[in-house]
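In case you want the letters, here they are:
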Amino acid sequence: MTGRVTARLRPTRIHAGTVKPWPDTVAVEEPLEIRVDRRPLAVTMRTPGNDIDLTLGFLFTEGLITDRHDVSSIRYCDSFDDHGRNTYNVLDVALAPGISLPDTGIERNFYTTSSCGVCGKASLGAIRRRTLHPPAQDSCIVTADVLTELPDRMRTAQRTFARTGGLHAAGLFTTSGDLLTLREDIGRHNAVDKVIGWATKNRTLPLHSTVLLVSGRASFELTQKAVMAGIPVLAAVSAPSSLAVELARESGITLVGFLRGSTMNVYTCPERITHTYIPTGVGTLRDCCTDR
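So, here's what we can say about the structure. (Residues numbered from 1 in each chain as written. Predicted model: local features only at pLDDT ≥ 70, side-chain atom pairs only at ≥ 80, totals over all residues. Heavy atoms only, no water.)

## Quick word on unusual backbone geometry
1) Next: The step from Leu205 to Pro206 runs through a cis peptide bond, and the omega angle for that step is -5 degrees.
2) Next: When you line up the elements, Pro206 lands in the loop between helix 4 (188-201) and strand 12 (210-214).
3) Next: For Asp37, which is not glycine, the phi dihedral falls at a positive 50 degrees.
4) Next: On the secondary structure map, Asp37 appears in the loop between strand 5 (30-36) and strand 6 (39-46).
5) Next: Non-glycine residue Asn50 carries a positive phi angle of around 55 degrees. (Helix = DSSP H or I, 4+ residues; strand = E, 2+ residues; numbered from the N terminus.)

Below you can see the structure in the form of structure tokens.
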């Protein structure tokens, strides 16, 4: 894994009237510049590691590529610190012959931070994209019992979080609860991009019959990334936003929030979840999950 993921510090610890130095481990946050055909495209603040997955996932979820075949190579560019060491903070993507980015000046709209993945976007309309893999067409079923087990399974696999307590995670599961992959990052949107980038790299898109679990809230942006990858079930341990619920309903995603212990709130398309109360009048996937 290229780059530093954690850093060792010695803060002053104050506890029960005592003051002393204390060893601590924190998550690293560094910029990653993404270039396409040597042209700067985006800068994101991320935790180093799985940078190629992050880049592929970012390009895919932004609708800039459609699959791994659109990319001929990805390599770290020359990027050195004051001591002449490669920082591994610049990646250059070479597109396949015949593939080009939209000529819309998009590079000026792609500065992201660890807390906000869409800062700088020109408008809300600019981040509503059409997916090639509509989740509404996926009629998979998952049991409520399987869903309630996923947070513990994801937490067990969060090795860096266990050392720092400072990273978000995104875990991709089968509907039977098997973990396909897990990625951690200081930015929740980066963690999801790393998961989808993993799928792009391994040519397993679209992600039919899967559950994407995120460690924080379910935002509009994370929901959109799930839509782009054709993920039918998005679950979060915290709350969704109103716009995330709206997009999930429009796109046919089952959106689950507050997945904690044996409880959960199912905001859209509850018929994919067995042993879940389905309100009167909610019928098929088509009835529930498409615009009316």
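From this point, the discussion proceeds with the structure in view.
## Some points on the environment of Ser176
1) Next: Relative to the helices and strands, Ser176 resides in the loop between strand 10 (168-174) and strand 11 (179-185).
2) Next: Classification of Ser176 by relative accessible area gives partly exposed; the value is 47%.
3) Next: In this structure, the C-alpha to C-alpha distance between Ser176 and Val211, residues 35 residues apart in sequence, is 9.4 Å.
4) Next: If sequence neighbours within four positions are ignored, Ser176 has contacts with Val146 and Arg153.
5) Next: One polar contact links Ser176 to Thr174, side chain to side chain, over a distance of 2.9 Å.
6) Next: A distance of 3.4 Å separates the side chain of Ser176 from the side chain of Asp178, its partner in a polar contact. (Buried < 20%, exposed > 50% of the residue type's maximum accessible area, 1.4 Å probe, protein only. Contact = heavy atoms within 4.5 Å. Polar contact = N/O pair within 3.5 Å; in protein donor to acceptor, adjacent residues only side chain to side chain.)

## Description of the nonpolar core
As a rule of thumb, nonpolar side chains are buried together in soluble globular proteins.
1) Next: Counting residues in hydrophobic clusters, the biggest one holds 45 residues, and the most contacted among them are Leu41, Leu59, Val93, Leu212 and Val214.
2) Next: Setting aside its immediate chain neighbours within four residues, Leu59 contacts Val36, Leu41, Leu64, Ile65 and Val93.
3) Next: With 18 residues, the next largest nonpolar core counts Ala144, Ala235, Val237 and Met264 among its residues. (Core = buried A, V, L, I, M, F, W, Y, C linked by side-chain atoms within 4.5 Å.)

## With respect to the packing of helix 4 against helix 5 (residues 220-229)
1) Next: Contact geometry of helix 4 with helix 5 gives a least axis separation of 10 Å together with a crossing angle of 10 degrees. In terms of axis orientation, helix 4 runs roughly parallel to helix 5. Every residue of helix 5 that contacts helix 4 at Arg188, His189, Val192, Asp193 and Ile196 is listed here: Glu221, Leu222, Lys225 and Ala229.
2) Next: When the residues that make up the contact of helix 4 with helix 5 are grouped by side-chain class, the tally is 4 nonpolar, 1 polar and 4 charged. (Axes fitted to C-alpha atoms, helices over the stretch in contact; angles between N-to-C directions. Parallel < 35°, antiparallel > 145°, perpendicular 65-115°, else oblique. Nonpolar A, V, L, I, M, F, W, Y, C, P; charged D, E, K, R; others polar.)

## Details of the pairing of strand 4 (residues 24-27)
The side chains of a regular strand alternate, first on one face of the sheet and then on the other.
1) Next: The alternating pattern of strand 4 places Thr25 and Ala27 on a buried face and Asp24 and Val26 on a face that is not buried.
2) Next: In terms of strand pairing, strand 1 (residues 6-9) meets strand 4 through 4 bridges, oriented antiparallel. In the sheet register, Arg8 faces strand 4, and the bridge partner there is Thr25. (Pairing = 2+ DSSP bridges.)

## Some thoughts on the packing of aromatic side chains
1) Next: By the definition in use, this model includes 1 aromatic pair.
2) Next: Where Tyr76 meets Tyr88, the ring centres are 5.2 Å apart and the plane angle is 90 degrees; that geometry is what we call edge-to-face. Of this pair, Tyr76 sits in strand 7 (residues 71-76) while Tyr88 is found in the loop between strand 7 and strand 8 (90-95), placing the two residues 12 residues apart along the sequence.
3) Next: Tyr76 gets classed as partly exposed once you look at its relative accessible area, which sits at 23%.
4) Next: Note that Arg13 overlies the ring of Trp22, its terminal NZ or CZ placed 4.5 Å from the centroid. (Phe/Tyr/Trp six-rings, centres within 6.5 Å; stacked < 30°, edge-to-face > 60°. Lys NZ or Arg CZ within 6 Å of the ring centre and 35° of its normal.)

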